[in-house]
Amino acid sequence: MSEAGKRTLLLEQGGPSYFSTGGRARPGWLNGTELSRVDVPGLYKSIFSNNDGNLTCPPEIVNSYQGCTVGGSTAINAGLFFQPPASDWDRYFPVGWKNADMQSAIQKVRTKQSSTDNPSQDGKRYLQSGYEAAKQWLVDGAGFKEVGLNNEPESHSKSKVFGHPIYNYEGGQRSGPVKTYLQSALQRENFSFMTGARVLRVTRDLDTATGVEVQNNDGAAGETTEYCVKERGRIILSAGAMLSPQLLMWSGIGDAETLIRISSLGLVKTPSQDWINNTAVGDKVFDNPNTFIELFSESISSYNYNYSDPVPEDRDLYLQSRSGPYSFASQTSAFWDFIEQGEDLVGVQGTIDSSGAMDYTENGTITLNVYGTSGLRSFGRVGLDTNGIALPTSNFYADKRDAQAVATFIHDIFAALPPTLSPLNIARNSTLEQLTTWVSSASPYTMGNVQHWSSSCRLESCVDTDAKVIGMKNLFVVDASISAPLTTNPVMGTMIIAERAVERILALV
């Protein structure tokens, strides 16, 4: 964020997402190109399975899956880009953040960030056998409506809608904030950018943030540098739902018991009399509980993306024209519904992949991921381990109503399963009670994290409605920490939240 006559310095924990490890951050078939593996949408799963790029944070930084490269997690995820429904803003956000208030921010994001539901540059859709099977099941059988998932007006309700996934790609390659917002910022004369700069804590004089203490990758072990802000300067933390609370706690802002414990490690340099006791720092962290359902049909052709040795035809199609299966991340469809529980609504999202998983990988198998989303009541907390490093707890289904909501969604759509589509790891005739027990019992297919962490420094408790840390004059948090759980994958919603926060911060005197 820059204003006329003022300078902005962006300090980035990670480094570039390509060529950062002697050229190892891509498979051999990309040699001779300008592409890294994160540029190729179809290679996104390799980020999880091929540890050769230093793209994620090591445990000495955070005890959770998080991107530690320029752009953070948006630089390495699947790139799913769904607009949250109006009901999210109206039900779960404070005054000033309702749907009517968010329209300017929504339009800014939609204008700035490219997205598409048909990323292959030859205009063809690939791997559609799973999509057609899902459409027969959900649209023809279960009453869902096939729509453009970010189009007006039907999709914005995210109620019984089905369609092709939206990706934040451009030209058959990954896009996202690094390719859009960062590139615009780099053109500004008053903007500076530093990579490999680990911010440790905010330095402050009582309720005024005076700077940040930074450990540079190229510095000596234990050596730090303080970057100070000028009078009336502002500091914005955007380290994510794990690290932003950690930064606050290391800055003497958080739960008193935690501050006492980590101060003995030398991590809090603010005098104890100047600590700000706020138990909302790190509280109510959220991640979507994930359930894998493996489905089989003889009409489906599964597709497995290969990191180092893709099908030659598909490899050449991508390299020559940015087309084919490698032009998207593997999801072939997405859909939503809401489950009513009294006056509450619980959002549930499904995405269908192009292949099976774990014990079910034969041809004809696809994976349905079911996420519990908005309106869930089970939260965890971002604590700090014995070394003072962020350690989240998921606490999935602590409130049994949440498991019942997800199970109801599955039970409802299973009632419309055609005989040609068979669930492999849970019986199609499972009762609601059996499904509730299954989704809330730990297994390789249930109660999984999807690393959509949010909500750990919420509006009106950890920060005020201007995203300013409560008790501070010029310290802000602008990332998924301040968001309530959203109905959709969080990337687009978090970008909208950031745009709205910037509007409010710039309006401050």
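Everything that follows concerns the structure shown earlier in this document.
Residues numbered from 1 in each chain as written. Predicted model: local features only at pLDDT ≥ 70, side-chain atom pairs only at ≥ 80, totals over all residues. Heavy atoms only, no water.

Trainee: How should the overall build of the protein be read in this particular structure?
Mentor: Helix and strand counts for the protein stand at eleven helices and 21 strands. Here the C-alpha coordinates of the protein stretch approximately 70 × 60 × 40 Å along the principal axes. Here the protein, with 509 residues, has 57% of them falling under the buried criterion. Counting contacts in the protein only where the partners sit at least 6 residues apart, residues at least 24 apart contribute 69% of the total. With the model as given, the accessible surface of the protein reaches about 20,800 Å², and the carbon-plus-sulfur share is 48%. The distance from the centre of the 41 positive side-chain charges to the centre of the 54 negative ones in the protein is 4 Å. (Helix = DSSP H or I, 4+ residues; strand = E, 2+ residues; numbered from the N terminus. Buried < 20%, exposed > 50% of the residue type's maximum accessible area, 1.4 Å probe, protein only. Contact = heavy atoms within 4.5 Å. Areas by Shrake-Rupley, 256 points an atom, 1.4 Å probe, with all protein chains shown as cover. Lys, Arg positive; Asp, Glu negative; His and termini not counted. Charge placed at Lys NZ, Arg CZ, Asp CG, Glu CD.)

Trainee: Help me out: how do you make sense of the packing of aromatic side chains in this one?
Mentor: Two aromatic rings are characterised by how far apart their centres lie and by the angle between their planes. Counted under the stated rule, the structure contains 15 aromatic pairs. Centroid distance F162 to F335: 6.4 Å. Interplanar angle 40°. Geometry classified as tilted. Within this pair, whereas F162 is found in strand β3 (residues 161–163), its partner F335 is found in strand β15 (residues 331–341), the two being separated by 173 residues in sequence. For the residue pair F162 and F335, the accessibility class agrees, reading buried in each case. Ring-pair connections join several aromatic residues into one group, and the members of that group are Y131, F144, F162, F335 and F409. Sitting over the face of the ring of F379, R458 holds its NZ or CZ atom 4.5 Å from the ring centroid. (Phe/Tyr/Trp six-rings, centres within 6.5 Å; stacked < 30°, edge-to-face > 60°. Lys NZ or Arg CZ within 6 Å of the ring centre and 35° of its normal.)

Trainee: Looking at this structure, how should I read the state of the cysteines?
Mentor: The bond known as a disulfide is covalent and runs between the sulfur atoms of two cysteines. Following the criterion strictly, the structure yields two disulfides and no others. One disulfide in the model links C57 with C68; its S-S distance is 2.0 Å. What sets the handedness of the C57 and C68 disulfide is the S-S torsion sign, and at about 90° it is right-handed. Of this pair, C57 sits in the loop between α1 (46–49) and α2 (86–92) while C68 is found in the loop between α1 and α2, placing the two residues eleven residues apart along the sequence. Judged on exposure class, the residue C57 and its partner C68 are both buried. Each bonded cysteine of the protein is numbered by sequence order, and under that numbering the disulfide pairs are 1-2, 3-4. (Disulfide = S-S within 2.5 Å.)

Trainee: Where do I start with the side chain of Q173 in this structure?
Mentor: Among the structural elements, Q173 can be located in strand β5 (residues 173–174). A polar contact of 2.9 Å, which involves the side chain of Q173, links it to the side chain of R322. Residues in contact with Q173, not counting those within four places in the same chain, are L35, D39, P41, K179, Y318 and R322. (Polar contact = N/O pair within 3.5 Å; in protein donor to acceptor, adjacent residues only side chain to side chain.)

Trainee: Help me understand the packing of helix α3 (residues 99–112) against helix α11 (residues 490–506) in this model?
Mentor: Taken N-terminus to C-terminus, the directions of α3 and α11 make an angle of 120°; their axes are 8 Å apart at the nearest point. Judged by the inter-axis angle, α3 sits oblique to α11. The interaxial crossing formed by α3 with α11 has right-handed handedness. Between α3 and α11, the contacting residues are D101, M102, S104, A105, I106, K108, V109 and R110 on the first element and M492, M495, I496, I497, E499, R500 and E503 on the second. (Axes fitted to C-alpha atoms, helices over the stretch in contact; angles between N-to-C directions. Parallel < 35°, antiparallel > 145°, perpendicular 65-115°, else oblique. Left-handed = near helix turned anticlockwise from the far one by under 90°.)

Trainee: Hey, could you run me through helix α9 (residues 400–414) in this one?
Mentor: An α-helix turns once per 3.6 residues; consequently, residues spaced three or four apart project the same way. Here α9 is 15 residues long and its end C-alpha atoms lie 21 Å apart, about the 21 Å a rise of 1.5 Å per residue gives. Along α9, the residues that are buried comprise D402, A403, A405, V406, A407, T408, F409, I410, I413 and F414. (Expected span 1.5 Å × (residues − 1).)

Trainee: Mind showing me how you'd approach unusual backbone geometry here?
Mentor: Both trends apply: most residues other than glycine have a negative phi, and most peptide bonds are in trans. If you check the backbone angles, K284 has positive phi at about 60° while not being a glycine. Looking at the secondary structure, you find K284 in strand β13 (residues 283–285). Taking the relative accessible area as the measure of exposure, K284 reaches 36% and is therefore partly exposed. The backbone of S455 shows a phi angle near 75°, a positive value even though the residue is not glycine. Secondary-structure assignment places S455 in the loop between α10 (432–439) and β21 (475–477).

Trainee: Explanation requested: the environment of Q136 in the structure shown.
Mentor: Assignment of secondary structure puts Q136 in helix α4 (residues 129–141). Residues Q136 and E433 lie 297 residues apart in sequence; the distance between their C-alpha atoms is 27 Å. Among all residues touching Q136, those that are not within four sequence positions of it are G141, P418 and T420.

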